[in-house]
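Okay, here's what each chain looks like letter by letter:
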Amino acid sequence: MTKETQSTGYRLLRSDPVLTDELEEPPESIQEELSTDDKAAATDKSPLWKAVVNLMSDIEGTGLLALPYVIAQSGLVAIAAMATLPFIAFYTGAILIDCLYEENDAGERVRVGSNYKQLGEACSPRFGGTIVSAIQLVELFLLASLYLVLFASLSKGIFPDLPLSDKVWMLLAAAVSLPTLFVKNLSQVAWMSLLSVIALMVAVVSVLAYGIAHEYSWAPKRNLGVEYR
């Protein structure tokens, strides 16, 4: 149907008063459906600060406390890596974001994807999405297992007098984190991410304060093999 035919048909519909009322005022069922969809869409969206907190919680971790030891062992190589890796991460992140958009006939960028699985399907329609999802599941499973082991090790060191084995500490950590399985979207995860970021910052500040207060007893130059003059 051509554009001229469509416009003519539209003028005929507008000339009918009954059809005009129906066009201008959709049925209540449709209005309710539209409002429900709008509310669902608004609920799924999260503000910028929640996205930033989730990203910080994903990137930062207790490994941040090990940076002084890593630099002490690796020297300038570690410093060069720390200065280079952020640019590599930024470049790869920009590529991933660019893959989520395509240009339409009008030359406008339109978002066509929203997750890694869709990117995998774009590269390989048959197995790409399955391969990417499997890799993500394995990575997250191993990461969750690592945190359970880390929690058990730290808890046993903090409370050495308690007669609890590593397995018991792991079970306690799993029981505490079990309710998080019922979280449905990243907007809700952001509040837990905020708590984790705050806890990490408290730990970093505490370690820095302790290091500054005991600077002379630590003798960092002597530990690095540098003689005093």
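Residues numbered from 1 in each chain as written. Predicted model: local features only at pLDDT ≥ 70, side-chain atom pairs only at ≥ 80, totals over all residues. Heavy atoms only, no water.

Participant: Sorry if this is basic, but what is going on with the packing of aromatic side chains here?
Facilitator: Working definition: an aromatic ring pair is given by the centre-to-centre distance plus the angle between the planes. Evaluated as defined, the whole model comprises two aromatic pairs. Consider the rings of F151 and W169, whose centres lie 6.3 Å apart with planes at 70 degrees: the pair is edge-to-face. Taken together, the residues F151 in helix α8 (residues 128-158) and W169 in helix α9 (residues 166-177) connect sequence positions 18 residues apart. The exposure class of F151 is partly exposed, given its relative accessible area of 35%. Look at F159 and W169: their rings are 6.1 Å apart centre to centre, the planes differ by 20 degrees, and that puts the pair in the stacked class. With F159 in the loop between α8 and α9 and W169 in helix α9, this residue pair connects regions lying ten residues apart in the sequence. Judged by its relative accessible area of 8%, W169 is buried. (Phe/Tyr/Trp six-rings, centres within 6.5 Å; stacked < 30°, edge-to-face > 60°. Helix = DSSP H or I, 4+ residues; strand = E, 2+ residues; numbered from the N terminus. Buried < 20%, exposed > 50% of the residue type's maximum accessible area, 1.4 Å probe, protein only.)

Participant: What is the right way to look at the packing of helix α7 (residues 116-123) against α8 in this model?
Facilitator: Two packed helices can be described by the angle between their axes and the distance between those axes. One way to put it is that α7 packs onto α8 with a least axis distance of 6 Å and a crossing angle of 145 degrees. Like other packed secondary-structure pairs, α7 and α8 cross with a definite hand, here right-handed. Every residue of α8 that contacts α7 at Y116, K117, G120 and E121 is listed here: G128, G129, V132, S133 and Q136. Within the contact of α7 with α8, the residues separate by chemical class into two nonpolar, five polar and two charged. (Axes fitted to C-alpha atoms, helices over the stretch in contact; angles between N-to-C directions. Left-handed = near helix turned anticlockwise from the far one by under 90°. Contact = heavy atoms within 4.5 Å. Nonpolar A, V, L, I, M, F, W, Y, C, P; charged D, E, K, R; others polar.)

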